[in-house]
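This is what each chain is made of:
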Amino acid sequence: MLDKLEQSQLGKQVSSWLGKGKNLPITADQLRAALGNDQVQQLAMYFDFAMDKMLAVTAENLPDIVDKLSPNGKLQPLVVGYWLIALM
C-alpha cells in the first residue's frame, strides 16, 4: 500500500510517517486516487465497512499506524489484527 501511495505523489506523506517528527495527513480522496476503487472496495468488504467509512477511517489512522510500525524508519511486518483493532 505504501508503494502505491508513494507512486501517487504522496511520498512526502509516507516519508513523514516513516521518519521522525510530525506525521503529515492524508485525505480519503487521496487514498481513493492512489489505491483505486477496486482495492478500496476489497478492503471495505474485508472489514465489512462501507467504502466511504473505510476511506475515512484509514485516512485518519494510517499515518499513526505506519509511524508506530516503523520505529526505526523501516516498516515492521504487519499483522491484520492490528489494522482491525486500529480501524474500529
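Placed above this text is the structure.
Everything numeric in this text was worked out from a predicted model, so none of it was measured.

About the cut-offs
Residues numbered from 1 in each chain as written. Predicted model: local features only at pLDDT ≥ 70, side-chain atom pairs only at ≥ 80, totals over all residues. Heavy atoms only, no water. Axes fitted to C-alpha atoms, helices over the stretch in contact; angles between N-to-C directions. Helix = DSSP H or I, 4+ residues; strand = E, 2+ residues; numbered from the N terminus. Parallel < 35°, antiparallel > 145°, perpendicular 65-115°, else oblique. Left-handed = near helix turned anticlockwise from the far one by under 90°. Contact = heavy atoms within 4.5 Å. Nonpolar A, V, L, I, M, F, W, Y, C, P; charged D, E, K, R; others polar. Buried < 20%, exposed > 50% of the residue type's maximum accessible area, 1.4 Å probe, protein only.

1. Here's the deal with the packing of helix α1 (residues 2-18) against helix α3 (residues 51-68)
Then step 1. Closest axis-to-axis distance for the α1/α3 pair is 10 Å, and the angle between their directions is 65°. When the interaxial angle is binned, α1 and α3 end up roughly perpendicular. For the crossing formed where α1 meets α3, the hand is right-handed. Side by side, α1 and α3 meet where L2, L5, W17 and L18 of the first sit next to L62, P63, V66 and D67 of the second.
Then step 2. Its residues assigned to classes, the contact of α1 with α3 comprises 7 nonpolar, no polar and 1 charged.

2. Here we look at unusual backbone geometry
Then step 1. Of note, the phi angle at Q9 is positive, near 65°, even though the residue is not glycine.
Then step 2. You can see Q9 is positioned in helix α1.
Then step 3. Note on Q9: relative accessible area 75%, which makes it exposed.
Then step 4. For D48, which is not glycine, the phi torsion reads 60° and is therefore positive.

Honestly, that's just the spatial picture; any functional story needs more than this.
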